[in-house]
Amino acid sequence: MSATARKTAPLPDDIRAMKGSTPIVSLTAYTTPMARMMDGVCDFALVGDSVGMVLHGMPSTLGVTMEMMIMHGQAVARGLTKTMLVIDMPFGSYEESPEQAFRNAARLMRETGAVAVKLEGGAHMADTIGFLVKRGVPVMAHIGLTPQSINTLGGYKVQGRDDQAEALKADARAVAEAGAFSVVLEKVPAKLADDITAEIAIPTIGIGASAGCDGQILVVDDMLGLFTAFKPKFVKRYGSLGEDGEAAIRAYADEVRARSFPAPEHTFADKAPGK
Ligand code: KIV
């Protein structure tokens, strides 16, 4: 069912059931107003750990904490009624052991109301994914370019080219078999994304992947033109809110300096009208 026809938010099983049929629409979200804009339009909203770079000016996602995720998760939850909430597990909150992952996933879900978590990693995270799913935590996996591993991946490079393709396919199979309800494919060649989408039984959510994926995700501030520090090739700007914002701030500053703001209509009389 498309998001616009829904009365309540979908659940992970509903997203899984969209495999091969209606394209799954998703964006990241970090604040209540942004969540309200996408409520009922997107199938799911992801509180991505990209929040660290996009809203907090961090150089990577590595410094993002559980507390930051919970604060932004709660803010997004307040803005959603018809769109499913998924939250990222931040770096260091799940890699150590399945038990550590469960403890932190449960905390993220309990304190934010998110119905699923996303974690980065393929075959090497399969045991953890299985452990979480068996204990009631729906998991969205994330493979390809996994930004929490930039220091071992050698930067934000395309993943899965040439002789890396088979390993990426194996990652996709492993997370699907472990019980993930969907998998994000980030910055992988389009043909490989199509092959994986055809091969595995769970939806693929592309970002820098292929229009043939079962769904798409973008960082909302990228697609609105609010985050302009850099623009990956896979980002399409659907708005220019950053430029609009700068122009508005300059206009305000000019008017304050010219004493033309506030104008009479923005000020109050001594007495209420009619008295
Ligand atoms: O943190 C994030 O925003 C993400 C998306 C880019 C998939 O993981």
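Residues numbered from 1 in each chain as written. Predicted model: local features only at pLDDT ≥ 70, side-chain atom pairs only at ≥ 80, totals over all residues. Heavy atoms only, no water.

(A) Focus on the overall build of the protein. Summing up its helical and strand segments, the protein has eleven helices and eight strands in all. C-alpha atoms of the protein, sized along the principal axes, occupy 75 × 35 × 35 Å. A buried classification covers 51% of the 275 residues belonging to the protein. Nonlocal contacts in the protein, meaning residues at least 24 apart in sequence, comprise 59% of its contacts between residues at least 6 apart. Summed over its atoms, the accessible surface of the protein is roughly 13600 Å², and 57% of this surface lies on carbon and sulfur atoms. Each charge class in the protein can be summarised by its mean position, and for the 28 positive and 32 negative side chains these summaries are 4 Å apart. (Helix = DSSP H or I, 4+ residues; strand = E, 2+ residues; numbered from the N terminus. Buried < 20%, exposed > 50% of the residue type's maximum accessible area, 1.4 Å probe, protein only. Contact = heavy atoms within 4.5 Å. Areas by Shrake-Rupley, 256 points an atom, 1.4 Å probe, with all protein chains shown as cover. Lys, Arg positive; Asp, Glu negative; His and termini not counted. Charge placed at Lys NZ, Arg CZ, Asp CG, Glu CD.)

(B) Spatial organisation of the nonpolar core. If you look at the biggest cluster of nonpolar residues, it comprises 61 residues, and the most contacted ones within it are Val 117 and Leu 185. Here this core takes seven residues from helix α8 (residues 165-178), the largest share from any one element. Excluding residues that lie within four positions of it along the chain, Leu 185 makes contacts with Ile 143, Ala 193, Ile 196, Thr 204, Ile 205, Gly 206, Ile 207, Ala 209 and Cys 213. With 14 residues, the next largest nonpolar core counts Met 18, Ile 24, Val 184 and Ile 217 among its residues. (Core = buried A, V, L, I, M, F, W, Y, C linked by side-chain atoms within 4.5 Å.)

(C) Geometry of the sheet that holds strand β8 (residues 215-218). One closed barrel holds the eight strands; their spatial order is β1-β2-β3-β4-β5-β6-β7-β8, and the pairing between them is parallel. Each strand of the sheet is rotated relative to its neighbour by a mean of 25°, with strand direction disregarded. With two bridges connecting them, strand β7 (residues 204-207) and β8 associate as parallel partners. Looking at the pairing, Gly 206 lines up with Gln 216 of β8. In this fold helix α6 (residues 126-134) packs onto β4 (116-120) and β5 (139-144), with an angle of close to 165° to the strand it touches most, β5. (Pairing = 2+ DSSP bridges. Axes fitted to C-alpha atoms, helices over the stretch in contact; angles between N-to-C directions.)

(D) Expanded view of the site of the ligand. Neighbouring the ligand are Thr 28, Leu 46, Gly 48, Asp 49, Ser 50, Asp 88, Lys 118, His 142, Ile 207, Ile 217 and Val 219. Between the ligand and Asp 88 there is a distance of 3.1 Å, counted from an oxygen atom to a side-chain nitrogen or oxygen. Across the complex, the protein chains shield 95% of the 260 Å² of accessible surface that the ligand would expose by itself. One can see that the ligand is located within the largest pocket. A breakdown of the residues in the shell around the ligand according to their chemical character gives four nonpolar, four polar and three charged. (Near = heavy atom within 4 Å. Polar contact = N/O pair within 3.5 Å; in protein donor to acceptor, adjacent residues only side chain to side chain. 1 Å grid on protein atoms, 1.4 Å probe; cavity = no way out; pocket = protein on both sides within 12 Å on 5 of 7 lines; lining within 4 Å. Sits in = over half its atoms within 2 Å of the grid points. Nonpolar A, V, L, I, M, F, W, Y, C, P; charged D, E, K, R; others polar.)

(E) Seen up close, the layout of surface pockets. By volume, the largest pocket is sized at about 470 Å³. Taken together, 27 residues line the largest pocket, and the ones lying closest to its centre are Ser 50, Pro 147, Glu 186, Val 219 and Phe 234. Looking at the lining of the largest pocket residue by residue, the class counts come to 15 nonpolar, five polar and seven charged. (Points joined across faces, edges and corners; volume = space filled by probe spheres on them.)

(F) Examining the pattern of salt bridges more closely. This structure, assessed with the given rule, holds nine salt bridges. Of the charged contacts in the structure, one is a salt bridge between Arg 107 and Glu 67, with a shortest N-O distance of 3.4 Å. Linking Arg 107 in helix α5 (residues 98-112) with Glu 67 in helix α4 (residues 66-77), this pair joins segments that are 40 residues apart in sequence. With a relative accessible area of 24%, Arg 107 lands in the partly exposed category. (Salt bridge = Lys/Arg side-chain N within 4 Å of Asp/Glu carboxyl O.)

(G) Representation of α4 within the structure. The terminal C-alpha atoms of α4, which comprises twelve residues, lie 16 Å apart, in line with the 16 Å expected from a rise of 1.5 Å per residue. Of the positions making up α4, those classed as buried are Met 66, Met 68, Met 69, Ile 70, His 72, Gly 73, Ala 75 and Val 76. Buried residues along α4 sit in contact with α2 (32-38), β2 (44-47), α3 (51-54), β3 (84-88) and α5. (Expected span 1.5 Å × (residues − 1).)

(H) Summary view of the packing of α6 against α8. Packing of α6 against α8 brings their axes to within 8 Å, and their N-to-C directions diverge by 20°. Overall, the two elements α6 and α8 adopt an arrangement that is roughly parallel. The handedness of the crossing between α6 and α8 comes out as right-handed. For the pair formed by α6 and α8, the contact residues are Ala 126, Ile 129, Gly 130 and Val 133 on the first element and Ala 174, Val 175 and Ala 178 on the second. Among the residues making up the contact of α6 with α8, the classes are represented as six nonpolar, one polar and no charged. (Parallel < 35°, antiparallel > 145°, perpendicular 65-115°, else oblique. Left-handed = near helix turned anticlockwise from the far one by under 90°.)

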